[in-house]
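Coordinates in review
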Amino acid sequence: MDTFDTACTTKVKMGGQYILGCHAMDGHKYVCMDDLMMDFKNKECVVYSFGIRDDWAFEDMMASFGCKVYAYDPTIETPTFKYPNMKFKK
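Our subject in this report is the structure included herewith. (Residues numbered from 1 in each chain as written. Predicted model: local features only at pLDDT ≥ 70, side-chain atom pairs only at ≥ 80, totals over all residues. Heavy atoms only, no water.)

For the rest of this paragraph, the subject is the state of the cysteines. As used in these notes, a disulfide is a covalent bond between sulfur atoms, one from each of two cysteines. All chains considered together, the criterion is met by 2 disulfides. Two residues, cysteine 8 and cysteine 32, share a disulfide whose sulfurs are 2.2 Å apart. In this structure, the disulfide formed by cysteine 8 and cysteine 32 twists by about 100 degrees around the S-S bond and is classed as right-handed. With cysteine 8 in the segment before strand 1 (11–14) and cysteine 32 in strand 4 (residues 29–32), this pair connects stretches of sequence that are 24 residues apart. On the basis of relative accessibility, which here comes to 13%, the residue cysteine 8 falls in the buried class. Taking relative accessible area as the criterion, cysteine 32 reaches 37% and is therefore assigned partly exposed. Across the disulfide, cysteine 45 is cross-linked to cysteine 67 (sulfur-sulfur distance 2.0 Å). Disulfide cysteine 45-cysteine 67: torsion about the S-S bond near 85 degrees, hence right-handed. (Disulfide = S-S within 2.5 Å. Helix = DSSP H or I, 4+ residues; strand = E, 2+ residues; numbered from the N terminus. Buried < 20%, exposed > 50% of the residue type's maximum accessible area, 1.4 Å probe, protein only.)

With respect to the secondary-structure elements, aspartate 73 resides in the loop between strand 6 (68–72) and strand 7 (86–89). No salt bridge is formed by the buried aspartate 73, whose closest oppositely charged neighbour, arginine 53, lies at an N-O distance of 7.4 Å. Among the polar contacts made by the side chain of aspartate 73, one reaches the main-chain amide nitrogen of arginine 53 at a distance of 2.7 Å. Looking at aspartate 73, its side chain comes within polar contact range of the side chain of threonine 75, at 2.5 Å. When near neighbours in sequence (up to four residues on either side) are disregarded, aspartate 73 contacts Gly51, Ile52, Arg53, Phe88, Lys89 and Lys90. (Lys, Arg positive; Asp, Glu negative; His and termini not counted. Salt bridge = Lys/Arg side-chain N within 4 Å of Asp/Glu carboxyl O. Polar contact = N/O pair within 3.5 Å; in protein donor to acceptor, adjacent residues only side chain to side chain. Contact = heavy atoms within 4.5 Å.)

Further remarks concern the sheet that holds strand 7. Pairing within the open sheet is parallel, and its 3 strands lie in the order 5-6-7. Of all strands in the sheet, those bounded by a partner on one side alone are strand 5 (46–50) and strand 7. If you compare each strand with its neighbour and ignore which way they point, the axes differ by 15 degrees on average. Relative to strand 7, strand 6 runs parallel, the two sharing 4 bridges. Residue pairing in the sheet places tyrosine 72 in a bridge with lysine 89 of strand 7. (Pairing = 2+ DSSP bridges. Axes fitted to C-alpha atoms, helices over the stretch in contact; angles between N-to-C directions.)

Right, let's talk about helix 2 (residues 57–64) for a bit. Looking only at helix 2, the buried set comprises Phe58, Glu59, Asp60, Met62 and Ala63. The elements touched by buried residues of helix 2 are strand 1, strand 4, helix 1 (36–41), strand 5, strand 6 and strand 7. Downstream of helix 2 by a residue or two, glycine 66 has a phi angle that is positive, lying close to 105 degrees.

Attention now moves to the environment of methionine 33. You can see methionine 33 is positioned in the loop between strand 4 and helix 1. When the C-alpha atoms of methionine 33 and proline 79 are compared, they prove to be 28 Å apart, with 46 residues separating the residues in sequence. Those residues within four positions of methionine 33 in sequence are excluded, and the remaining contacts are Cys8, Thr10, Val12, Met14 and Phe40.

None of this, on its own, says anything about what the molecule does.
Next up, the structure:
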């Protein structure tokens, strides 16, 4: 999975959890950093995330950078957030 081709010059894995039984990461997302730092600076970063379940690591990380995060998952109840820029819809 780490060897896919993309037009992105700098891609970074963010979020996820280490699954001890499998000795692997799960739930991480690849993020293109080419223009993202400028988006952080200009407060223009928006993230749409679908299928959260119980792993909010990526969404928390993006919200901590100042992104507006819109999370959707019909299988969970509305959680309490640490960041006011996170919104959830069941």
